[in-house]
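Descriptive analysis of the structure
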2 protein chains.
Amino acid sequence: MKCINILKLIKTNKIDKYKKHLYIKGWIKNKRNTKIGIIFLDINDGSSINNLQVIINPKKIKNFKKNIIKITSGCSISLKGVIKNSPKSNKKEIHAVNIKILGYIENPETYPISPKYHSLEYLRKISHLRPRTKIINTISKIRNTLIFSLHNFFQKRNFIWIPTPIITSLDTEGSSKLFKIKEKNFFKKKAFLTVSGQLNLETYACSLSKVYNFGPIFRAERSITNKHLAEFWMLETEIAFANLKQIITISKNMLYFCFKQILKKNYEEIIFLSEYHKNKNILNNLEKIINKKITEINYNEIIKIIKKKENFFSSKIKWGSNIFPEHEKFLTEKYFKTPIIIKNFPQKIKAFYMKKNIDNTVSSMDIIFPFVGEIIGGGEREENIKKLIKNIKIKKLNEKKYWWYKDLRKYGTVKHSGFGMGFERLLMYITNMKNIRDLIPFPRYINYLKF
Amino acid sequence: MKCINILKLIKTNKIDKYKKHLYIKGWIKNKRNTKIGIIFLDINDGSSINNLQVIINPKKIKNFKKNIIKITSGCSISLKGVIKNSPKSNKKEIHAVNIKILGYIENPETYPISPKYHSLEYLRKISHLRPRTKIINTISKIRNTLIFSLHNFFQKRNFIWIPTPIITSLDTEGSSKLFKIKEKNFFKKKAFLTVSGQLNLETYACSLSKVYNFGPIFRAERSITNKHLAEFWMLETEIAFANLKQIITISKNMLYFCFKQILKKNYEEIIFLSEYHKNKNILNNLEKIINKKITEINYNEIIKIIKKKENFFSSKIKWGSNIFPEHEKFLTEKYFKTPIIIKNFPQKIKAFYMKKNIDNTVSSMDIIFPFVGEIIGGGEREENIKKLIKNIKIKKLNEKKYWWYKDLRKYGTVKHSGFGMGFERLLMYITNMKNIRDLIPFPRYINYLKF
């Protein structure tokens, strides 16, 4: 007999077609005994974040005393039963005919995922078992929708997926936060884990026009914060002939598209998150983006706004400074109350490949979200060979290492632009989770490498 | 005026709707002068593998002498023109009204991607420019269809994408071909690049039931062959409650689905590959798979077949041996003339997590393709805690390191199965390319780390 997934049974409007016995497999999430001897089980097979209720009448089950009485939370079972509408709710329930225990719980009293509440800190210590909780199941479902929505968005627009290399000999932005690979004799040169696929992606943009990548990125980031991981996933895109305005439009459309997909496919998960966080704004935070409430503003203007409120901040700021998290928080959560796109940063705080404007700024943009901070960074790439070399020299980088990057400007150069988006950071905003370590199955960060 | 992509113009049946001047941007792939002064350009913007022909009548173009005469292959241009049906073929052509050169070629005589034929070996040395060739554009398009088809296949069946970690402290199969990460003080323990995400993926299969991953995988493989990379991409899936038969069915359906998608979306690319390789069988090789011509056979039977032809092979084989590439070649290309699924390998040549059959074999399967060799490997995972520990001991692995993997068997264990597929290997079969270094944009292998 074919096994039916629980999501199908929860969602069905036609229980009539299941008149005969049906067959399910899954894990017990909860067990309740009643005074009259009836037992209620909540069963889940991962297909839904919600459980299906199973009703057991001991008198109607073979081997009840021998086996079924031993069922505890966490056991895996297979079950034959009849589906009925619950008399007390609009849910369905299964009346068990036959149950088989597939896997017991060794020492039920000490099972780490008992049905009670567990803190996220506790669950992080058992990352191999935490997908058994409703909260991590919920995050997995939303993460899955987000990745597939990103692929769908770019595929529908005829972008080509390009896998950029993970092991690299080049440090894209001259950053020092690189993981080194030990096997010197393997590559016969210094090898690092990539901090960005952008430069490699540009080689394909300068022939296929519209390309994107989605892959893991590494930073040997030593500061311990709730927004940093040593290993995370990044969406990067590069587009030939595109300017700043066009990539801003694409990045916004990408966000609208993904958020719509999540509301469409994960409405129940979003509602659960509102309950979980006791925060009614989660749905609203998504709808705000879908309704295109994103503020676009120049760096110059941002500095003026912050300077007016100077006394409220611990970090002083002037033209040419980085914008600090406390300012980002103020701007997105208090002043504009929307995500903000900050355009045209000073050249001296941005990377060598950024295209200079006529003043001392570069044609760049950062998208800053409330609660999370920077999610997207991008801009126009310098396509003029002379200006590019000048920038490499200003930033004191080793020009020789960029020979192939320079070639793109020597041979049929074109204006082009692109951006990168931190995948788990966007998930933080969507799910309202406070720690990025809960948004990736097995987080890696300083002093932590488990599972 | 909005720029139109060249694919749209090549494919359109209604040139009437483009009556007015249209606007395109791209790179010149070829330039031909005629005796009567007309110039033909082949232009490409990466949207199609085919070029669009542009006809220039010098008398009708402003600034012709000053600018346009300097156009060479590789230049980037923007162009205003009128689309017409070619009088000589069923193709379209653009009659130029206005041309602007966006980027010249520095020293056209030495431009590395001249319109002549370039060997694949030569192109590998200029991996940053090779996407400008028709062959690498073709591979990029097919690779893109393959990745999106894989995601589509699993998403349609409600599998959840799980990003398994790249940096790991665990060596999945006890292999020595691991890249080590240098920063000892970062993680405070030995850190490696992953050789498989399987064990981590199993933790999610044991709660979400159907999960998959697609990400980069690393092997410090020192042998130089045309089928090995130090960094490649792998599709992995793990399915709770599934047995060997079921994962064989899923893996075959996955192949049928992907191959169909490629024939549907990349028919022109496949035809071009037939011309490129002067091999009419390429289309046929794909259709064979779609028509489900895959042979399923037990390891025991394979040994009998090979033993009968023993004298033809340089490596002797007996029950318990690995099957060598020369045998795989014979079986897939001569004996069966199909891909083969070899089932139930001897336990001693397979990993500790494989589920033992009643004899000395494990419930496993390898899918071997003609020309390429192993593409898929998988099987049932040992779900019994006692048997798993016994296997860990037999393979002389450090049992302590697998504490969390053992937990999956302690708490509500279920039968489960999965497989992994080498992405670039499958692409090798589809494209009939002979060297795997041409199937990934920036290959990494022993003594080679460029771009």
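As a starting point, this report considers the structure included with it. (Residues numbered from 1 in each chain as written. Chains lettered and ligands numbered in written order. Predicted model: local features only at pLDDT ≥ 70, side-chain atom pairs only at ≥ 80, totals over all residues. Heavy atoms only, no water.)

Quick look at the overall build of chain A now. Assigned secondary structure in chain A consists of 13 helices and 16 strands. With respect to the principal axes defined by its C-alpha atoms, chain A has extents near 85 × 55 × 40 Å. A burial count over chain A gives 62% of its 451 residues as buried. Within chain A, contacts between residues at least 6 apart in sequence are counted, and of these 65% link residues at least 24 apart. A total accessible area of about 19,600 Å² is found for chain A, and carbon and sulfur atoms account for 51% of it. (Helix = DSSP H or I, 4+ residues; strand = E, 2+ residues; numbered from the N terminus. Buried < 20%, exposed > 50% of the residue type's maximum accessible area, 1.4 Å probe, protein only. Contact = heavy atoms within 4.5 Å. Areas by Shrake-Rupley, 256 points an atom, 1.4 Å probe, with all protein chains shown as cover.)

Attention shifts here to the relation of the copies chain A and chain B. By a simple turn and slide, chain A fits onto chain B: the slide is 0.0 Å along the axis, the RMSD is 0.0 Å, and the turn is 180°. The symmetry that links the two subunits is that of a two-fold axis. Both copies present the same face, since 100% of the interface residues in chain A are matched by interface residues at the equivalent positions in chain B. (Least-squares fit on C-alpha atoms with pLDDT ≥ 70 in both.)

What follows covers a positive patch on the surface. Together, Lys125(A), Lys182(A), Lys189(A), Lys190(A), Lys401(A), Lys450(A), Lys125(B), Lys182(B), Lys189(B), Lys190(B), Lys401(B) and Lys450(B) line one region of the surface with positive charge. Mapped onto the secondary structure, Lys125(A) falls in the loop between α2 (120-124) and α3 (134-156). (Patch = residues over 30% accessible without salt bridge, like charges linked within 9 Å, V, L, I, M, F, W, Y side chains within 5 Å. Salt bridge = Lys/Arg side-chain N within 4 Å of Asp/Glu carboxyl O. Lys, Arg positive; Asp, Glu negative; His and termini not counted. Charge placed at Lys NZ, Arg CZ, Asp CG, Glu CD.)

What follows covers the sheet that holds strand β5 (residues 92-103) of chain A. Each strand in a sheet pairs with another by means of backbone hydrogen bonds, the pair being arranged parallel or else antiparallel. Residues and elements named next belong to chain A. Strand order in the closed barrel made by the 5 strands is β1-β2-β3-β5-β4, with mixed pairing throughout. This sheet shows a mean twist of 55° between the axes of neighbouring strands, independent of strand direction. Pairing analysis gives 5 bridges linking strand β2 (residues 39-44) to strand β3 (residues 52-56), with the strands arranged antiparallel. The residue bridging Asp42 from the neighbouring strand is Gln53, located in β3. (Pairing = 2+ DSSP bridges. Axes fitted to C-alpha atoms, helices over the stretch in contact; angles between N-to-C directions.)

Turning next to the interface of chain A and chain B. Facing the 100 residues of chain A at the interface are 100 residues of chain B. Between chain A and chain B, the buried area comes to about 8,900 Å², and carbon and sulfur atoms account for 65% of it. Our count for the contact surface shared by chain A and chain B stands at 0 salt bridges. Taken together, the links from chain A to chain B amount to 35 residue pairs in polar contact (both at pLDDT 80 or more). Considering each element in turn, the side of chain A that touches chain B owes the most residues, 11 residues, to α3(A). When its residues are assigned to classes, the side of chain A that touches chain B shows 53 nonpolar, 25 polar and 22 charged. (Buried area = accessible area lost by both parts, 1.4 Å probe. Polar contact = N/O pair within 3.5 Å; in protein donor to acceptor, adjacent residues only side chain to side chain. Nonpolar A, V, L, I, M, F, W, Y, C, P; charged D, E, K, R; others polar.)

All names here are of chain B. Taken in spatial order, the 8 strands line up as β6-β10-β11-β16-β15-β14-β13-β12 in an open sheet, and their pairing is mixed. Here the strands that pair on one side only, and so sit at the sheet edges, are β6 (160-161) and β12 (295-298). In this sheet, strand β10 (residues 210-218) lies alongside β6 in parallel orientation, the contact comprising 2 bridges. By the bridge assignment, Ile160 is partnered in β10 with Val211. With respect to the sheet, helix α6 (residues 244-265) is in contact with β11 (231-240), β12, β13 (340-343), β14 (364-369), β15 (373-381) and β16 (416-422), its orientation differing from that of β16 by roughly 35°.

With that out of the way, let us pick up the nonpolar core. Among the nonpolar cores identified, the biggest contains 251 residues, and Met254(A), Phe259(A), Met254(B) and Phe259(B) are the most heavily contacted of them. In contact with Phe259(B), not counting residues within four places along its chain, are Leu286(B), Ile289(B), Ile290(B), Phe369(B), Leu426(B), Tyr429(B) and Ile430(B). Membership of the second largest hydrophobic core comes to 26 residues, among which are Ala220(A), Leu449(A), Ile181(B) and Leu449(B). (Core = buried A, V, L, I, M, F, W, Y, C linked by side-chain atoms within 4.5 Å.)

Another aspect to go through is the pairing of strand β4 (residues 76-85) of chain B. Residues and elements named next belong to chain B. Summarising the sheet, strand β1 (residues 22-33) and β4 pair through 6 bridges and their orientation is antiparallel. Residue pairing in the sheet places Gly26 in a bridge with Ile77 of β4. Bridge count for β4 against strand β5 (residues 92-103) is 10 bridges, and the pairing is antiparallel. In the strand pairing of β5, Ser78 is matched with Lys100. Taken together, β4 and the strand that follows it, β5, pair antiparallel across an intervening segment of 6 residues.

Time to look at helix α10 (residues 325-335) of chain A. All names here are of chain A. Here α10 has its buried residues at His327, Glu328, Phe330, Leu331 and Thr332. Against α9 (299-308), β13 (340-343), β14 (364-369) and β15 (373-381) lie the buried residues of α10. Count one or two residues on from α10 and you reach Lys337, which has phi positive near 55°.

The packing of two helices is summarised by the inter-axis angle and the distance between the axes. Residues and elements named next belong to chain A. For the pair helix α6 (residues 244-265) and helix α8 (residues 281-290), interaxial distance at closest approach is 8 Å and the crossing angle is 140°. For the element pair α6 / α8, the angle class is oblique. Along this stretch, α6 crosses α8, giving a crossing that reads as left-handed. Where α6 approaches α8, its residues Leu255, Tyr256, Phe259, Lys260, Ile262 and Leu263 are matched on the opposing element by Leu283, Leu286, Glu287, Ile289 and Ile290. The residue inventory of the contact of α6 with α8, partitioned by class, reads 9 nonpolar, no polar and 2 charged. (Parallel < 35°, antiparallel > 145°, perpendicular 65-115°, else oblique. Left-handed = near helix turned anticlockwise from the far one by under 90°.)

Such coordinate-based values are descriptive only and should not be taken to indicate function.
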